[in-house]
Number of protein chains: 2
Amino acid sequence: MYKPSIPKGMRDFSPAEMAKRNYIFNTIKSVYHRYGFLQIETPTMENLSTLMGKYGEEGDKLLFKVLDSGDFTSGVTTEEFAGRNAAFLASKMCEKGLRYDLTVPFARYVVMHRGEMVFPFKRYQIQPVWRADRPQKGRYREFYQCDADVVGSDSLLNEVELVQIIDTVFRKLNIRVAVKINNRKILSGIAEIIGEPDKITDITVAIDKLDKIGLDNVNAELRERGISDRAVEQLQPIIALSGSNEEKIARLRSVLAASETGLKGVDELEYIFSMLKGFDIAAVTELDLTLARGLNYYTGAIFEVKALDATIGSIAGGGRYDNLTGIFGLPGVSGVGISFGADRIYDVLTQLNGFPEESMEQTKVLFVQFGERELSYILPAVAQLRASGVNTEVYHEAAKMKKQLSYADTKGIPYVVLAGENEMNEGTFVLKDMRSGEQRSLSLEELKASLA
Amino acid sequence: MYKPSIPKGMRDFSPAEMAKRNYIFNTIKSVYHRYGFLQIETPTMENLSTLMGKYGEEGDKLLFKVLDSGDFTSGVTTEEFAGRNAAFLASKMCEKGLRYDLTVPFARYVVMHRGEMVFPFKRYQIQPVWRADRPQKGRYREFYQCDADVVGSDSLLNEVELVQIIDTVFRKLNIRVAVKINNRKILSGIAEIIGEPDKITDITVAIDKLDKIGLDNVNAELRERGISDRAVEQLQPIIALSGSNEEKIARLRSVLAASETGLKGVDELEYIFSMLKGFDIAAVTELDLTLARGLNYYTGAIFEVKALDATIGSIAGGGRYDNLTGIFGLPGVSGVGISFGADRIYDVLTQLNGFPEESMEQTKVLFVQFGERELSYILPAVAQLRASGVNTEVYHEAAKMKKQLSYADTKGIPYVVLAGENEMNEGTFVLKDMRSGEQRSLSLEELKASLA
């Protein structure tokens, strides 16, 4: 027999998996709405002219390209084909590609729709993206991103609210997290002070290893990476930076005294941390200079979120960028945003056994079917329960009781209603709790009250 | 300046459009859950071996095909390319294609996962599909389908519940509808009786024109379509079928007395209509013999839903099929399902001005920002409102009042809070209703009570 399969790196989601995924998505959505972010969606396919060149040379190779419909060979001569240049041929045969992330389509959206938008524009977007990466554990070729961005506002209040959003989402999900915060301007200031403006990445990568390899090895690595002895000397107070966020900020302010950019970064971080103190934040918030994600992209705050009770990479992150739409010829649109990694959050909740036992989507009660007469008796009750908002099923046929209860059991339905000859005579229903096994005889009103 | 665009036949959805679309999707989802249907998702891409040949020759042409990553030319000789056979070349260069509907992926899902499924399996699926059709008004190359199916049950209770689902969804959306119901077995019976088993489509198409062209022309058309005079004679009571559903059923029972299949269809319809009588159904339910949708697919009940107050094609439909998974070598899996046309429902609600004025997603209140001191005063109130579930925004900077109010206005935010020197001294907040213009001075507790 022919066995169907799905493309590698892609997934089916069963009802049980969807309920858990929706729990995560709905939590994130509800918090986004709580802060005034509104949803948009962009098409699965974008013109390749929109996508190409936006993710580096490697990214271009990872784009899924869609063959033009009709005679896709018409733009290619046989000689050109014989040249076997895949990138060139693809550019002649494919106009469209699949979304690689949500940021470039959003930038394209802002440029196309700016006339009809209110700024600051606070949008969120939860959609799948596709990358022709080599699949491996935890890395898929189709996965969802959950982004929120504010564009058209320089106010640091946005950064503060984004940290609050992160905190609220993980508090609702019962995941303890640390939010690490850095600022690109501070990193630029450091590089400026030590006279090594091109070495920011080398410096942060080396400093990040302090815990693992110790100070001497960090310094050795810095020298290996071409940082001068004098600069390594100047970096010592920064490598050794420790204490509370306030202490770190005070130290940075003195080290960066000669860098206008650096001091601007310190001011920004100080504002964010002091504002956050006014709120009841459960997350650990921590100034972390080694945070260098999206370095050639972010221009101000940089965020990264780690789960405290699970060993997994970052589960959310983001930052401020100065030039979202420059790639499409519209300069001066700055913004700040965050993104939740739904698949990793799923893995953390699985590790922590943290999904709620019952989901909103689940069926709450199954009516057992004994026969046509009993069916006529139960159907009005079923209709009333559904009308009052209870997810209700009737077993589809008068099968053996064992089979019907096993259906409830396998589907995780917590209650079953039995109504046979006796109940029909009395006008009652027997409600059985599938976990405790307890049975109660109830009137329709009592049944509704028990299940609503 | 370079002007970005999106591929033809595809759409961006703005926050206002998304709120309306989510209103439709959430309504459908909640009703599906109410009846015990659970969500699944399948990947955007399927292997082309799964999709090809399932939608007819025309359908194969409308599939979007995804170019293999890496050296996609390796399986094609230059001579083969010179042959310019697009279908052949695509089959060599593309392993994957985009989902064309939700039915074939669902059939593939059932075959792959049947070992871990409970039957009857009641699943719903709301995902986009793609067709390389010529775009035109109301026809897109990317659009959502909203399908629910029960597989592994022959019980007619499923048909009854699907009609109840249709009724509940449109009642919740405040759209008056007619649910037209037919049965493939009756059509087969009619063809059998008149000895024209291959002419079912010709007969239904001709009968469907009765209102427009009159009986004489219908009969003329039937003869043109190759139906014998004698058969046209036999069809007269069926063409003239009218009255209540019960009257139609009684007439059909006598006309089809000699067809076992036909009578089975009559029995099924009678059961469905009599069961529906036991419920409070708002929709007009009507036996309609001209309903012939999906004729080479459906084997029992056929449903189609029309809006009564808008001129638009069918907005939902479905039916029973005997062989969902036969195409993948697994026979004997029967099912019954329905599908809502979200884009058409959107158009109907737009025509009827039927979207609710306020959406759950909208921001409910904007706090105006007067300056840093006032900001410190309002932020704890903002946090408390958010914690109690109120979608709340703070204007991002201390701009002119007019600009801040205009932001609220454009975004459709119904309330604004003003708190300056006076309010800070009194510990109060001024709540302004943006529609009536009414302003009230409130304590924090009163504010929360007013907005919750």
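Further up the page is the structure itself.
Residues numbered from 1 in each chain as written. Chains lettered and ligands numbered in written order. Predicted model: local features only at pLDDT ≥ 70, side-chain atom pairs only at ≥ 80, totals over all residues. Heavy atoms only, no water.

**Q** For the pairing of strand β6 (residues 142–151) of chain A, give the residues involved together with the corresponding values.
**A** Residues and elements named next belong to chain A. Where burial is concerned, most of β6 is hidden: 10 out of the 10 residues are buried. Neither face of β6 is exposed, since Glu 142, Tyr 144, Cys 146, Ala 148 and Val 150 on one face and Phe 143, Gln 145, Asp 147, Asp 149 and Val 151 on the opposite face are all buried. As judged from the 10 bridges shared by strand β5 (residues 121–130) and β6, these two strands associate in the antiparallel manner. Within β6, the position partnered with Gln 125 by the bridge is Asp 147. (Buried < 20%, exposed > 50% of the residue type's maximum accessible area, 1.4 Å probe, protein only. Helix = DSSP H or I, 4+ residues; strand = E, 2+ residues; numbered from the N terminus. Pairing = 2+ DSSP bridges.)

**Q** Got a sec to walk through the packing of aromatic side chains? Specific residues and values, please.
**A** Scanning all chains against the criterion turns up 31 aromatic pairs over all chains. Pairing Tyr395(B) with Tyr407(B) gives two aromatic rings, centres 5.3 Å apart and planes at 75°, and the pair type is edge-to-face. With Tyr395(B) in the loop between β13 (392–394) and α16 (401–410) and Tyr407(B) in helix α16, this residue pair connects regions lying 12 residues apart in the sequence. The buried category is assigned to Tyr407(B), whose relative accessible area is 3%. Directly above the aromatic system of Phe37(A) lies the positively charged group of Lys122(A), at a separation of 5.2 Å from the ring centroid. Lying over the aromatic face of Tyr100(B), Arg131(B) brings its terminal NZ or CZ to 4.2 Å of the ring centre. (Phe/Tyr/Trp six-rings, centres within 6.5 Å; stacked < 30°, edge-to-face > 60°. Lys NZ or Arg CZ within 6 Å of the ring centre and 35° of its normal.)

**Q** Would you mind going over the relation of the copies chain B and chain A in detail, with residue names and values included?
**A** Of the transformation superimposing chain B on chain A, the axial component is 0.0 Å and the angular component is 180°, with the fit at an RMSD of 0.1 Å. With respect to symmetry, the two chain copies, as superposed, fit the operation of a two-fold axis. In terms of proximity to the rotation axis, the leading residue of chain B is Val66(B), whose C-alpha is 2.2 Å off the axis. In this assembly the copies share their binding face: 100% of the residues contributing to the interface of chain B also contribute to that of chain A. (Least-squares fit on C-alpha atoms with pLDDT ≥ 70 in both. Contact = heavy atoms within 4.5 Å.)

**Q** Can you lay out the interface of chain B and chain A for me, pointing to particular residues and giving the numbers?
**A** Every contact between the two is made by 100 residues of chain B and, on the other side, 101 residues of chain A. Between chain B and chain A, roughly 8700 Å² of surface is buried when both sides are summed, and carbon and sulfur atoms account for 61% of that area. Counting the surface chain B buries against chain A, the share from its top three residues, Arg34(B), Arg386(B) and His396(B), is 8%. Here chain B and chain A share six salt bridges between them. In this structure, Lys122(B) engages Glu393(A) in a salt bridge whose closest nitrogen and oxygen atoms are separated by 3.3 Å. Put simply, chain B and chain A have 42 residue pairs in polar contact (both at pLDDT 80 or more) between them. For the side of chain B that touches chain A, a count of residues per class yields 50 nonpolar, 31 polar and 19 charged. (Buried area = accessible area lost by both parts, 1.4 Å probe. Salt bridge = Lys/Arg side-chain N within 4 Å of Asp/Glu carboxyl O. Polar contact = N/O pair within 3.5 Å; in protein donor to acceptor, adjacent residues only side chain to side chain. Nonpolar A, V, L, I, M, F, W, Y, C, P; charged D, E, K, R; others polar.)

**Q** Describe in detail the state of the cysteines, supporting the description with residues and values.
**A** Between two cysteines, a covalent bond joining their sulfur atoms is known as a disulfide. Under the counting rule described, the total for this entry stands at zero disulfides over all chains. No disulfide involves Cys94(B); its nearest neighbouring cysteine sulfur is the one of Cys94(A), lying 7.3 Å away. For Cys94(B), a relative accessible area of 4% translates into the label buried. (Disulfide = S-S within 2.5 Å.)

**Q** So what's going on with helix α11 (residues 229–239) of chain A? Residues and values would help.
**A** Given 3.6 residues per turn, any residue in an α-helix points the same way as the ones three and four places further on. Those residues of α11(A) that fall on the buried side of the exposure criterion are Ala231(A), Val232(A), Leu235(A), Gln236(A), Ile238(A) and Ile239(A). At its buried positions, α11(A) is contacted by α8 (184–193), α9 (200–207), α10 (210–224) and α12 (245–255) of chain A.

**Q** Run through the pattern of salt bridges, naming residues and quoting values.
**A** Across all of its chains, the model carries 58 salt bridges over all chains by this definition. The partner of Arg171(A) in a salt bridge is Asp280(A), and the shortest N-O contact between them spans 3.4 Å. Here Arg171(A) is found in helix α7 (residues 157–172), whereas its partner Asp280(A) is found in the loop between α13 (260–277) and β8 (284–287), with 109 residues between them in sequence. Given the relative accessible area of 37%, Arg171(A) is considered partly exposed. The class for Asp280(A) is exposed, based on a relative accessible area of 63%. The residue Glu445(B) makes a salt bridge to Lys448(B) at a minimum N-O spacing of 3.8 Å. Placement of both Glu445(B) and Lys448(B) in helix α18 (residues 444–451) is noted, with a separation of three residues, approximately one turn of the helix. Of the residues examined, Glu445(B) reaches a relative accessible area of 52% and is grouped as exposed. The structure contains a network of salt bridges with shared partners spanning Lys122(A), Glu161(A), Arg386(B), Glu393(B) and Lys411(B).

**Q** Got a sec to walk through the sheet that holds strand β11 (residues 335–340) of chain A? Specific residues and values, please.
**A** Pairing between sheet strands relies on hydrogen bonds along the backbone, with the strands arranged either parallel or antiparallel. All names here are of chain A. Ordered by their spatial adjacency, eight strands build an open sheet running β1-β5-β6-β11-β10-β9-β7-β8, and the pairing between neighbours is mixed. Lying at the two open borders of the sheet, with one neighbouring strand each, are β1 (38–39) and β8. Both β1 and β5 contribute to a ladder of two bridges, which runs parallel. Note that in β5 the partner of Gln 39 across the bridge is Tyr 124. Sheet strands touched by α8: β7 (177–183) and β9 (301–307). Its angle to β7, the strand with the most contacts, is close to 50°. (Axes fitted to C-alpha atoms, helices over the stretch in contact; angles between N-to-C directions.)

**Q** For the sheet that holds strand β15 (residues 429–433) of chain A, give the residues involved together with the corresponding values.
**A** Residues and elements named next belong to chain A. On the basis of which strands lie adjacent, the open sheet formed by five strands has the order β13-β12-β14-β15-β16 and mixed pairing. Looking along the sheet, the strands with just one partner apiece sit at the ends: β13 (392–394) and β16 (439–442). With strand direction ignored, the average angle separating the axes of adjacent strands in the sheet is 25°. Strand direction decides the pairing type here: strand β12 (residues 365–367) and strand β14 (residues 415–418), joined by three bridges, are parallel.

**Q** Any details on the packing of helix α1 (residues 15–34) of chain B against helix α14 (residues 342–351) of chain B? Residues and values, ideally.
**A** Residues and elements named next belong to chain B. For the pair α1 and α14, interaxial distance at closest approach is 10 Å and the crossing angle is 110°. On the basis of their axis angle, the class for α1 and α14 is roughly perpendicular. Note that α1 runs across α14; the crossing there is right-handed. The residues of α14 that touch α1, namely those facing Glu 17, Lys 20, Arg 21, Tyr 23, Ile 24 and Phe 25, are Ala 342, Asp 343, Ile 345, Tyr 346 and Leu 349. Here the residues of the contact of α1 with α14 are counted per class, giving seven nonpolar, no polar and four charged. (Parallel < 35°, antiparallel > 145°, perpendicular 65-115°, else oblique. Left-handed = near helix turned anticlockwise from the far one by under 90°.)

**Q** An account of α12(A) is needed here, citing residue identities and associated values.
**A** All names here are of chain A. Of the residues making up α12, those classed as buried are Asn 245, Lys 248, Ile 249, Leu 252 and Val 255. Take α12 and look down its axis: the buried residues cluster within an arc of 125°, on one side only. For α12, the elements touching its buried residues are α8, α11, α13 and β8. (Arc of directions from axis to C-beta.)

**Q** Describe the packing of α1(B) against helix α7 (residues 157–172) of chain B, listing the residues and the values that go with them.
**A** Residues and elements named next belong to chain B. Direction vectors running N to C along α1 and α7 enclose 145°, while the axes themselves pass 10 Å from each other. In this structure, α1 crosses over α7, and the sense of that crossing is right-handed. Of the residues in α7, those touching α1 at Tyr 23, Thr 27, Ile 28, Val 31 and Tyr 32 are Ile 165, Thr 168, Val 169 and Lys 172. When grouped by side-chain class, the residues that make up the contact of α1 with α7 number six nonpolar, two polar and one charged.

**Q** Help me get a handle on the nonpolar core, residues and values and all.
**A** Within the largest apolar cluster, 91 residues are counted, with the highest numbers of intra-cluster contacts made by Ile165(A), Phe170(A), Ile175(A), Phe340(A) and Phe367(B). With eight residues, the single largest contributor to this core is α7(A). Aside from chain neighbours lying at most four places away, what touches Phe340(A) is Ile28(A), Tyr32(A), Cys146(A), Ile165(A), Ile166(A), Val169(A), Phe170(A), Ile315(A), Ala316(A) and Ile345(A). Counting residues in each nonpolar core, the second largest holds 90 residues, with Met275(B), Ile315(B), Ala316(B) and Val348(B) among its members. (Core = buried A, V, L, I, M, F, W, Y, C linked by side-chain atoms within 4.5 Å.)

It is worth stressing that arrangement in space is one thing and function is another; only the former is reported here.
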